[in-house]
Amino acid sequence: MEYKVFGNKIVARIDRGEEILSKIKEIATKENIKFAEVYALGATNDFTVGCYNISEKKYYPNDFKGDHEIVSLVGTINTMNGEFYTHIHMSAANGKGEVFGGHLTRAVVSATCETVITVINGSVDRMRDESTGINLFKF
């Protein structure tokens, strides 16, 4: 991975074999990011996205292997109890154009992942909402 800072934007190239979420965390930690938005595109051949079941308060993961184009990766970097936290969703298409997506828990880059992080001046922590089981923004 390599990245460059341009004012409040960080442009990163996450390389083949690297895991996207771990590299986003590496950047956020090194640059002391407390609140930001993230978007990216690229390619992956091994990823896990999930869907949240609100009544069970549980994520159900779906694992995918094989060549996929990342058609959308969006989310936030912030904190929970003052520690790094990220909430990212990803959609990826296979060779037939079928798209799969959800809450991202893991994605290994197969070619490249072009990532832009826009740092927002401020901070927003998260708190667990017991009624939904989700970690929500805490203002």
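Everything that follows concerns the structure shown earlier in this document.
Residues numbered from 1 in each chain as written. Predicted model: local features only at pLDDT ≥ 70, side-chain atom pairs only at ≥ 80, totals over all residues. Heavy atoms only, no water.

(A) Main features of the side chain of Asn78. Looking at the element boundaries, Asn78 is found in strand S4 (residues 58–80). A polar contact is formed between the side chain of Asn78 and the backbone oxygen of Val124, at a distance of 3.1 Å. Of the polar contacts made by the side chain of Asn78, one reaches the side chain of Arg126; its length is 3.3 Å. Residue contacts for Asn78: discarding those within four places in its chain leaves Lys34, Phe35, Glu83, Phe84, Tyr85, Val124, Asp125, Arg126 and Phe137. (Helix = DSSP H or I, 4+ residues; strand = E, 2+ residues; numbered from the N terminus. Polar contact = N/O pair within 3.5 Å; in protein donor to acceptor, adjacent residues only side chain to side chain. Contact = heavy atoms within 4.5 Å.)

(B) Region of interest: helix H1 (residues 20–30). Where H1 is concerned, the buried positions are Ile20, Leu21, Lys23, Ile24, Ile27 and Ala28. Down the axis of H1, the buried set is contained in an arc of 165°. They therefore lie on one face. Opposite the packed face of H1, turned more than 90 degrees from it, sit the exposed residues Thr29 and Lys30. Buried residues along H1 sit against strand S1 (2–6), strand S2 (9–15), strand S3 (36–53), S4, strand S5 (83–93) and strand S6 (99–119). One side-chain oxygen at the N-terminal end of H1 lies 3.1 Å from the backbone nitrogen of Leu21; it belongs to Glu19. Remark: Asn32 follows H1 within two positions and exhibits a positive phi of approximately 55°. (Buried < 20%, exposed > 50% of the residue type's maximum accessible area, 1.4 Å probe, protein only. Arc of directions from axis to C-beta.)

(C) Representation of unusual backbone geometry in the model. Of note, the phi angle at Lys57 is positive, near 55°, even though the residue is not glycine. Looking at where Lys57 falls in the secondary structure, it is placed in the loop between S3 and S4. Even without a glycine there, the phi angle at Asn81 is positive, about 55°. Along the chain, Asn81 falls in the loop between S4 and S5.

(D) Geometry of the packing of aromatic side chains. In the structure shown here, the tally under the stated rule is five aromatic pairs. Residues Phe137 and Phe139 carry aromatic rings whose centres are separated by 5.7 Å and whose planes lie at 65° to one another, so their mutual orientation is edge-to-face. In this structure Phe137 comes out as partly exposed when scored by relative accessible area, which is 33%. Residue Phe139 is classed as exposed on the basis of its relative accessible area, which comes to 85%. Ring pairing ties together the aromatic residues Phe35, Phe137 and Phe139, which thus form one cluster. (Phe/Tyr/Trp six-rings, centres within 6.5 Å; stacked < 30°, edge-to-face > 60°.)

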